[in-house]
Each structure stands twice: as structure tokens, then as C-alpha cells.
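Examining the three-dimensional arrangement
For reference, the chains in residue letters:
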Amino acid sequence: MERLGFRRVSNSPTQPGAPTITHSRPNVATSGPVSNAGVPHFKKSFVVDQSPDNRIVSSNCVAVNPGDFASFPNRTPFSFDAEFVYSIEKDERMAPGSVGMGGNIRTWGSWSRGQSITVESYNIFANGNTQQSYLGQVEILIDFKQKSKASSAAIVHDELVDIFLKSYENQILQPTQKIIMDFKGVYYELYISSVQVIDISNNDHLPSIKDSTDLASKGILLRQTDVIFYPEDKSLINLVKPTSLKQKILGGSTHHKPRARKQLINSDFKLEDLGIGGLDAEFQDIFRRAFNSRILPPEIAEKLDYKHCKGLLLFGPPGTGKTLIARKLSKMLNGREPKIVNGPEMLSKYVGASEENIRNLFKDAEQEYKQKGEDSDLHVIIFDELDSVFKQRGSGKSDGTGVGDNVVNQLLSKMDGVDQLNNILVIGMTNRLDLIDTALLRPGRFEIQIEISLPDEKGRRDILLIHTAKLRENDLLTSDIDFDELSSLTKNFTGAELEGLCNSAKSFAITRHVKSGSIAQIDVDSIRNLKITRNDFLLALSEVKPAFGTDEEDLTLAARHGIIQFSHFIKNIFETGQSIIDLVKSSETETLRSLLLYGPPGVGKTAIASTLALNSDFPFIKMLSAESLAGMGELQKIQYIDNTFRDVYKSPLNILLIDKIETLINYVPIGPRFSNDILQLLMVYLTKSPPKGRRLLIIGTTSQYSVLKHMNLVDSFNDAVAVPPIRTVEEIGKVLDKLGFMSASERHEILNQLGKFDVNIGIKRLIDSIMVSAYAKEGVDDVVTNIMDKMRLE
């Protein structure tokens, strides 16, 4: 707190040499029941009346009959109806049993003349000397009491502050309180907008500062209190402020220094308290880029010419925690509650209503900025699903009615238009950064764009620990659960999917306690012994699959019989592929590599590509095949391919398999014809470098190498490797031996018969023929016939 201008202070008179907070509160004689601070207890009902004169009204006191308060000196504070605190002023003109209040006081407390009111002694030090409440700062809105005397003549801010402190020093003030003050013969109406209460309650005697606009917040006004006046909205008040407002130090002398801003982030805030795992680095970036400039004193920020960030855009896959971050910000920030809106909520069927909805979001910020300027509080506006509303203008991605364009224009003007606001921070979230209008992404608007990507292994462990914290607290987890193991088994899981994994594990554990023969009745006796085990999590892994990750089942099916290295060429292909994988994995410059496997149909190109991908140990493997595009039109295929390439950047290491490229581009030999749009899309993405921190290996397969060569698509690949068919009897023998087909003598006889012919067959067709023969339990001659039939198809 010393950086905010407060020295170490002590409220203990026994601590020698310690600076103390002093004030001139009256000493009260003790008689009758006494509180722990020596204040006599008093509670009685009175009747509300008007104040006898303007002097008492402008002193912010309540007039009382001296006989009613004989035991209390002037300026003793009392509570009125247990909520409002005022000091008393004795006056013989007040009738016994009545209290005189100015119109401003009666309006604030909603009292009328003749109304009964409860007056009770008030002790702000009710907890003894261990906690004392003072006002470190007070923000006040000011306007002329009488509009007829309003003028735009300059009023020196420091003179106004001096008169205020002299008039109301040692009084207890509260937010929303209304005060009538006499300044140079003119009455002004003051409104306590907010107070900064300083509690000296910790062991090291450092003040804890709390900003509050709550009526229940109360504090003593001291000469050291920092008082700031702002004109009321639409007021003619013309305040002249110095370049730096006075900042006082409790227990010290007055001097000029930069005034610290209000605490934007609660002093006791800890990142782990948010309950967000795996996003520490992202939060650090958000703090540094979006909030650092706002905790600087205004004078220092002005010297640095530091422009505040007005827009922060969080983007990334669904379920990674973008909305969760925005939701947790409201707990982190000290001050005004952030406004959280869903993008579609801004749209309306009425003409102009959508634009008005945008304007209303900024109305409070505009009003406060007119009053307080750079001293205004930060107003945070959070947009979820930003891409649903603020699409690219003038394109087919907009809604076609013009409303979408108008909404974008309205947001542009509010964030960085002619009348600029410096007290706003707009936080947007989207899954599709490419859909958002580019004008919103430039500096001055959403200039900070932070990707919230899939959590790494440490992040996944943190998330799992968060979602199982309650289970551990209640001792519902068995000791065999290893969170390091679970985090390694959940590659490419988002935070939402990890939560789903925990819920699935719970469901498996509950199922063990369902009564036998029933699916809807729990065994009450056994459920008390409920424990979630490691096996429950492993079962959950079998049914909760990541949306972005490796589909091992499909890849394994592509090579269901494994890889049979019937030739040294196959071994060379795997060595080449592995060297490319190692290059992508370790090189600082080669973050994008592409390999094309080509050869006749059935030679095992897809099996080789799938095996290379599975053996790479890359966390993200995606296959783009003709099967996934079946039934789609050309535009749908383009959109699907575009989305696929965007998805393959979700992890640090990614592999994309593009199977049967000629089928993807709609190639047919009759004509010939193909889709040029799909072809151009593939050529662009095959050479497009991945984002920073991402690495991508593309493995393509084709049976039409010459066709792709003529289309110049082969040139988009870094490497092209031919996959040969089986051309010798010896190679067929290796396949037969590997599969364990028939006896050794029968295999020898098959090879003898095949040796009379020229061998040319893809391994896929060879295996298919062998499997059919094995199922039919055919003899040697039939096996040879089947293999020859397959070779004729080549």
C-alpha cells in the first residue's frame, strides 16, 4: 500500500515512535452503560422536523435539543434508523423530542416531517483499536444547488477541497450521501459517489484499501483524505484541476506527487483462486497487455504516452476456456461489474434497435468519462460468440439485410471513433477468427488477440485436479488414480472434455451401486462406500473422445494386417518418412513439410501413411479422405477442407493425411474434368506456413501421379516417394510367411506355380486374395488362380 501513498501506521499508543492517525473526535464522559470505546449507550425515538437555519444544514449536522442529548457534546455521531450516520448540533430552537434535518438529509433517508425516527449512539470503533475505519479517498459529484445561480466561472479544485475538509473534517461519510456546502457565498449540492475505506487491521499495520459505493461503507473524513470533485452530468460547473492532485499520506505532511489509480485488481487476488487450469501463460499475457497501463498513475501514463488497450480478442477451439476466462474476470476486477452479453442478443427485428443495443452498452462509460475523464473507472464489456454478429461487411458472410454491417459500424465507432473513450475494455470471444470483420482487428480496436489453445500435459493435469478437488476433499478417490497418467492419456482434450471425462468416471462408479435387476434404483447401503477408481477413468476414456485429436481406430483399420516389408523399398520409404517426421519435430525452421506417396491402386499407400502417422507420436493426427466428403457439393467440400486445415493447427505437433487426392478434387479420366476451386485451395494450404509455435506434416497419397503432375499439384509437396507393387515371387513368399498362410510345403508349391508368370500385384490385393482363400479353405491350385485373377486387374 506504500506505493499508493500510505506509510506504515499504527493505531496502538503503546508502540513507541510509531506514526499515528489523529483526529479531533470529542471525548465523551462515561455514565451509564458504556460501549467498549467509552461511548454511552443511547437509543430513543424522535420526530423529524426541519433544520432551524442554513448554517446547520451546510455543516451536514442534525439539529437536536440540548436537553435530549445532555450527556453528549456537539459533533457526536449518531445513527438514524440504523443506516444513516450524522453528527449532532445542539440548538435551543429545537423542540424536545425532535430532530432538525435539512431537506437534503430528509430526501436521502426518505423521511418526512412529523415522522418517527430511531436515533442511536454510533461507534465506528465498535471492534476496539484492532480495526479503525478512515477515508483514504472520496469521490464527489458537484452541482449548483440553485440553478438560477449556475455559471461556468472557473472553480479552483484545490480551494474547493480545502473548504470541504475544513467544513466536514472528522465527520463520518457514506456513499450516496447528499451534502449542501457553502463555497464563497454560493450553495452547492454534493453527492458522495464512492469512498475508499482504509482498514488498519493487519499485523504489519499496512492499510487495506477498499473502494465502495455501498451505503453500508462508512469512514472518518481526515485532513489527509484525498478528495476529488467531478461535475454532475450536464452541469455548468467548471472545475480547474492542477496537473497532479494532492495526495496526502496518513500521519505525514501534504506534498504533491502523482495520485495512484484505484486498485483495478483486488490486492488479495491469486491466479489459482480462479479455478482455471492450463491457462497461466494466457492470463499473464492478458494482464501485461490489457491491464498494466491501467494501474499506472495518470501522470506517468501520460509521460509514457501509453495508450490503453480497448479490445481483447480470445480465440481458439470450442471448450478451451474462452468463456470461462471472461466469466472469471468479474471476480478478478475491483470496481464496476463487467457487462457480459452474447453476440446474438444484440440483434433485433426492429429497425435501428440492434445499433441502439450496442450504444446502450457504452452509455455508462460515456457518461462517467465526461465527468471524470482519465480518472474514470474501467468499464469492461464482454462479447461471447463475437463471430455470430460482427461478420465481414459487404460479403456473403453477412446476413444480407444490412443490419450486420450497421452493427459492425456502430461497434467500430464506439471503440475507436471520433469521440474516443479511454475507460473501456471490450473482450470478445470466438471460435472463428476468420469470420470477423478485419476492421475490428486493427490496433485501437481488438488489437490484442490471444489464442486459447488446447491445454498441454501440465495444463490437463491442473484441470483434472480442479474438477476432482471436491472428490479428493471428500475422500472419494482411490489411491491407484495417477493424474500424471491421466494427463498423458488425454492428448488433445479440451477443458470441457476433461470435465466430461470426470463426469463419465463418476457415472461408472455410481453404476456399481445400482440394485441388481434395476437400472433406476440405487443401493442406499452400498452407495455410502462409493469410491471412484482408476478403472472408472479408463472406462471413461473409452467413451469420451476429443473432438480434436487422433482417430486411432480409423488409422489402425487402414493397416489392419500391419506393415509387411516385402522389399527393401518399403524399408527405405519408412526411413525417409521417419527422417521427415524428425525434421518437423526438431527443426526450428522447417515447421511445414509435405510428403506425397504415389503408386498404383492397392500398393499400401494409405497403410504406410497411417502407420507413419501413428508411429510419429504426434498428439494431433487428422485424416482428410474421400469418405468424409461423400455426398457433399463442391462448396460444401471447399468449406470442409478449409475447416480441416484450420483444425490441424490446434496442437504444437500436427499431421494431416490427405488420402486419394485425385478423388478429393473430383478428378475423372473421362473428359478429363476436375474441380479447379478445390485444386487451388489445396495448393494454397499445402504451402501455407502454420502459425507461430505450430508444426505441421502433410502426408498425401495418390494413384494418379501423372495427372497431379500436369496440374502442378506435385510441385506443392516437398517430397514425393513411389510405393512399388510386388514384382517377384520371393516378395510374395515374404507376405505368405508373414501371414502364416498354409503350411511351408504348400507355400512353396504356390510360389513354384507363380514363378511361371510375370508378377505384378499390389500388396493390398494380394492380402485380400489370400484372406478369401483362407476363409474358403481352398487348395494350392485355387489360391494360385485367385492371385492370377487379381494380377490381371492391375
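Attention in this report is confined to the structure presented alongside it. (Residues numbered from 1 in each chain as written. Predicted model: local features only at pLDDT ≥ 70, side-chain atom pairs only at ≥ 80, totals over all residues. Heavy atoms only, no water.)

**Points about the overall build of the protein chain**
Stated formally: Numbered from the N terminus, helices here are DSSP runs of H or I no shorter than four residues, and strands are runs of E no shorter than two. A simple rule labels every residue: compare its accessible area, found with a 1.4 Å probe on the protein chains alone, to the largest value its type can have, and call it buried under 20%, exposed over 50%, or partly exposed in between. By the convention used here, residues are in contact when the closest approach between their heavy atoms is within 4.5 Å. With residues, only the protein chains shown are counted as cover, and all accessible areas are computed by Shrake-Rupley using a 1.4 Å probe.
Along the protein chain, the regular secondary structure elements total 25 helices and 27 strands. The buried share among the 794 residues of the protein chain stands at 49%. Taking as baseline every contact in the protein chain between residues at least 6 positions apart, the subset at least 24 positions apart corresponds to 77%. In the form shown here, the protein chain has an accessible surface area of approximately 37400 Å², with 49% of it arising from carbon and sulfur atoms.

**Quick look at the sheet that holds strand 26 (residues 695-702)**
For the record, the criterion: For two strands to count as paired, DSSP must find a minimum of two bridges between them. Every angle, taken between N-to-C directions, lies between 0 and 180 degrees, and every axis is a line fitted to C-alpha atoms, over only the stretch in contact when it is a helix.
What the five strands build is an open sheet, ordered 24-25-26-23-27; its pairing is parallel. What marks the edges here is a single partner per strand, and that holds for strand 24 (620-624) and strand 27 (719-722). Each strand axis lies, on average, 15° off the axis of its neighbour in the sheet, ignoring direction. Two elements, strand 25 (residues 653-658) and strand 26, share six bridges in a ladder whose sense is parallel.

**Notes on helix 4 (residues 280-291)**
Counted only if it meets this: By this rule, a helix spans an expected 1.5 Å times one less than how many residues it contains. Directions are taken from the helix axis to each C-beta atom, and the arc is the one they span.
Its 12 residues place the ends of helix 4 16 Å apart at the C-alpha level, agreeing with the 16 Å of an ideal helix rising 1.5 Å per residue. Listed as buried for helix 4 are Glu282, Phe283, Ile286, Phe287, Ala290 and Phe291. Seen from one end, helix 4 has its buried residues packed into an arc of 140°, which puts them on one side.

**Some details on the side chain of glutamate 662**
So the rule is basically this: In this tally, Asp and Glu contribute negative charge and Lys and Arg positive charge; neither His nor the terminal groups of the chain are included. In the sections that follow, a salt bridge refers to a side-chain nitrogen of Lys or Arg positioned within 4 Å of a carboxyl oxygen of Asp or Glu.
Its place among the elements puts glutamate 662 in helix 19 (residues 661-664). Buried within the structure, glutamate 662 lacks any salt-bridge partner; its nearest side chain of opposite charge belongs to lysine 605, at an N-O separation of 6.8 Å. Other than its neighbours up to four places away in sequence, glutamate 662 contacts Tyr667, Thr701, Thr702, Ser703 and Gln704.

**Some remarks on unusual backbone geometry**
Positive phi is not limited to glycine here, since aspartate 81 has a value of about 55°. Positionally, aspartate 81 belongs in the loop between strand 3 (77-80) and strand 4 (84-90). The class of aspartate 81 is partly exposed, set by a relative accessible area of 29%. Although it is not a glycine, methionine 742 sits at a positive phi angle of roughly 60°. Positionally, methionine 742 belongs in the loop between helix 22 (729-739) and helix 23 (744-754).

**Things to note about the pattern of salt bridges**
Under the defined criterion, the tally for this structure stands at 22 salt bridges. Between lysine 709 and aspartate 715 there is a salt bridge whose closest N-O contact spans 3.8 Å. Accessibility expressed as a relative area gives 39% for lysine 709, which makes it partly exposed. Ionic contacts of the salt-bridge type, sharing partners, join the residues Asp53, Asp91 and Arg93 into one network.

**Considerations on the packing of helix 12 (residues 495-511) against helix 14 (residues 534-543)**
The condition is simple: Oblique is the label for any angle not under 35 degrees, not over 145, and not in the 65 to 115 range, which are roughly parallel, roughly antiparallel and roughly perpendicular in turn. Handedness of a crossing is defined here by the sense of rotation of the near helix relative to the far one, left-handed for an anticlockwise turn of less than a right angle and right-handed for a clockwise turn. When residue character is reported, Ala, Val, Leu, Ile, Met, Phe, Trp, Tyr, Cys and Pro are called nonpolar, Asp, Glu, Lys and Arg charged, and the others, Gly included, polar.
Running from N to C, helix 12 and helix 14 cross one another at 120°; their axes reach a closest spacing of 8 Å. By the criterion of interaxial angle, the relationship of helix 12 to helix 14 is oblique. The element helix 12 and its partner helix 14 pack so that their crossing is right-handed. Residues Leu501, Cys502, Ser504, Ala505, Phe508 and Ala509 of helix 12 touch helix 14, and the partners they reach there are Asp536, Phe537, Leu539, Ala540, Leu541 and Glu543. Residues of the contact of helix 12 with helix 14, tallied by class, amount to nine nonpolar, one polar and two charged.

**Focus: helix 24 (residues 763-776)**
Between its terminal C-alpha atoms helix 24 stretches 20 Å, which fits the 20 Å expected from 14 residues at 1.5 Å a residue. When we look at burial in helix 24, the residues that qualify are Ile763, Leu766, Ile767, Ser769, Ile770 and Ser773. Each buried residue of helix 24 lies within a common arc of 160° when the element is viewed along its axis, so the set occupies one face. Turned more than 90 degrees off the buried face of helix 24, the exposed positions are Lys764 and Tyr775. Where helix 24 terminates, the next one or two residues include lysine 777, which has phi positive at roughly 55°.

Such coordinate-based values are descriptive only and should not be taken to indicate function.
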